[in-house]
Amino acid sequence: MSFNELLIPTGAAGAILTDSRFNIVLYTGNRPSTVSVNTGFKPDLGIIFPRSYADHRTVFSSSFDGDIIGLQNHGAKESFSALDIVSDGFEVGNSGQVNTASGTLVVYAWGANGGTVADNTNGDITSSVQVGPGGSFSIATYTGNGSSNQTVGHGLSDTC
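The rules we used
Here, residues in each chain are numbered from 1, in the same order as that chain's written sequence. Note on the predicted model: pLDDT of at least 70 is required for a residue's local features to be given, and 80 or more for side-chain atom pairs to be given and counted; whole-chain, interface and lining totals, by contrast, use all residues. With hydrogens and water excluded, all non-hydrogen atoms of the structure serve as input to the side-chain values. For helices the rule is a DSSP run of H or I covering at least 4 residues; for strands it is a run of E covering at least 2, with both sets numbered from the N terminus onward. Exposure is judged per residue with a 1.4 Å probe applied to protein chains only, and the accessible area is read against the type maximum: over 50% gives exposed, under 20% gives buried, and values in between give partly exposed. Contacts are residue-level and defined by heavy atoms, with any inter-residue pair within 4.5 Å sufficient. Using a 1.4 Å probe, the Shrake-Rupley method yields the accessible areas, and only the shown protein chains count as cover for residues. Note on aromatic contacts: the rings of Phe and Tyr and the six-membered ring of Trp form a pair at centre separations within 6.5 Å, being stacked when their planes are under 30 degrees apart, edge-to-face when over 60 apart, and tilted otherwise. Confidence per residue, as judged by the predictor, is encoded in pLDDT with a range of 0 to 100. For two strands to be treated as a pair, DSSP must find no fewer than two bridges joining them. Orientation is described by axes fitted as lines to C-alpha atoms, over the contacting stretch for helices, and by angles from 0 to 180 degrees between their N-to-C directions. Here a polar contact means two N or O atoms within 3.5 Å. Within protein one must be a hydrogen donor candidate and the other an acceptor candidate, and residues neighboring in sequence count only if both atoms are side-chain atoms. Residues grouped as a nonpolar core are buried Ala, Val, Leu, Ile, Met, Phe, Trp, Tyr and Cys residues, joined through side-chain atoms within 4.5 Å.

Student: Please explain the overall build of the protein chain as it appears in this structure.
Tutor: A tally of regular secondary structure across the protein chain gives 1 helix and 12 strands. Here the protein chain holds 160 residues, and 37% of them are scored as buried. Counting only contacts in the protein chain whose residues sit at least 6 apart along the sequence, the fraction spanning at least 24 positions is 52%. Looking at the protein chain as shown, the accessible area adds up to about 8,600 Å², and 48% of this sits on carbon and sulfur atoms.

As structure tokens, then:
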């Protein structure tokens, strides 16, 4: 699937597009209670955007056990105990960032392979990689070695 394909509503409450790899879901926060967001699959990569209030964008990945990859104003991975990835979506707890009471949010969720990570030795630096179906996208983590001009394997058949 490419981003140029037509998004077809499914009729499910809040769901705009559903297949096994990508979904856009609207939800409403109810802090301090937990909100369960059903994406229809285990999201391996997700980006949450507040719609009705100003706050950070939240990026999470199953490759990081639900930790945050980055925020709008930050570049580092952070621990974020208010988000748990589950088999059919994720749950958000007592956090104004992703669960403001009565706030509306949207999540863009991608499924790769359900959180299975494999070492990739293609490149100068070994990476841990999840690859989406058909090689559609990958999520790679690695630790740099301080040297310049190093390559990192990404698990895809070609580069952009």
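Student: Is there a simple way to think about the packing of aromatic side chains in this case?
Tutor: To describe a pair of aromatic rings, you give the distance between the ring centres and the angle between the ring planes. Per the stated rule, a full pass over the model turns up 4 aromatic pairs. Centre to centre, the rings of Y27 and F90 are 6.1 Å apart; their planes meet at 80°, and the pair counts as edge-to-face. Of this pair, Y27 sits in strand 2 (residues 22-28) while F90 sits in strand 8 (residues 89-92), and the two are 63 residues apart along the sequence. Exposure remark for Y27: the relative accessible area of 7% places this residue in the buried category. Between F49 and Y108, the ring centres sit 5.6 Å apart and the planes meet at 90°, which makes this aromatic pair edge-to-face. Taken together, the positions of F49 in strand 4 (residues 45-50) and Y108 in strand 9 (residues 104-110) put the pair 59 residues apart, joining distant regions of the chain. Owing to a relative accessible area of 24%, F49 belongs among the partly exposed residues under this scheme. An aromatic cluster of three or more residues is present, and its members are Y27, F60 and F90.

Student: I would appreciate a short explanation of the confidence of the model for the protein chain in the present structure.
Tutor: As a note on interpretation, predicted positions should not be read in detail where pLDDT is low. Scored by pLDDT, the protein chain has a mean of 79; 76% of the residues are at 70 or more. Least confident of the elements in the protein chain is strand 1 (residues 15-18), whose mean pLDDT is 45; most confident is strand 3 (residues 35-38), at 95. Here residues 1-18 scores under 50 on pLDDT; set against residues more than four positions off or in separate chains, the count is 27 contacts.

Student: How should I be thinking about the sheet that holds strand 3 in this particular structure?
Tutor: The strands making up a sheet associate through backbone hydrogen bonding, with each pair oriented either parallel or antiparallel. Spatially, the 3 strands line up as an open sheet ordered 3-8-7, and their pairing is antiparallel. In this open sheet, the two strands that pair with only one neighbour each are strand 3 and strand 7 (83-86). Pairwise comparison of adjacent strand axes, ignoring direction, gives a mean angle of 20° for this sheet. Here 4 bridges tie strand 3 to strand 8, and the two strands are oriented antiparallel to one another. Counted as the bridge partner of V37 is F90 from strand 8.

Student: So what exactly am I meant to see when it comes to the side chain of S63 here?
Tutor: Relative to the assigned elements, S63 resides in the loop between strand 5 (58-61) and strand 6 (68-71). We classify S63 as buried; its relative accessible area is 19%. Within the local environment of S63, its side chain forms a polar contact with the side chain of Q130, the two groups lying 2.6 Å apart. Ignoring anything within four residues of it in the chain, the contact list for S63 reads V117, Q130, I139 and T141.

Student: Looking at this structure, how should I read the nonpolar core?
Tutor: Looking at soluble globular proteins, one finds that nonpolar side chains tend to be buried together. Residues Y27, V37, I48, F90, V92 and V107 are the most contacted members of the largest nonpolar core, which totals 13 residues. Among the secondary structure elements, those contributing two or more residues to this core are strand 2, strand 3, strand 8 and strand 9. When neighbours within four sequence positions are excluded, V92 is seen to be in contact with Y27, S33, T34, V35, A82, L83, V98 and N99.

Student: Please explain unusual backbone geometry as it appears in this structure.
Tutor: For residues other than glycine, phi is negative in most cases, and the peptide bonds are mostly trans. Each neighbour pair has its own omega, and for R31 with P32 the value is 15°, a cis peptide bond. Mapped onto the secondary structure, P32 falls in the loop between strand 2 and strand 3. Unusually for a residue other than glycine, S102 sits at a positive phi of about 65°. Locating S102 in the fold gives a position in the loop between helix 1 (96-99) and strand 9. Positive phi values are uncommon outside glycine, yet N149 reaches one of about 60°. Its location among the elements puts N149 in the segment after strand 12 (138-141). N149 gets classed as exposed once you look at its relative accessible area, which sits at 73%.

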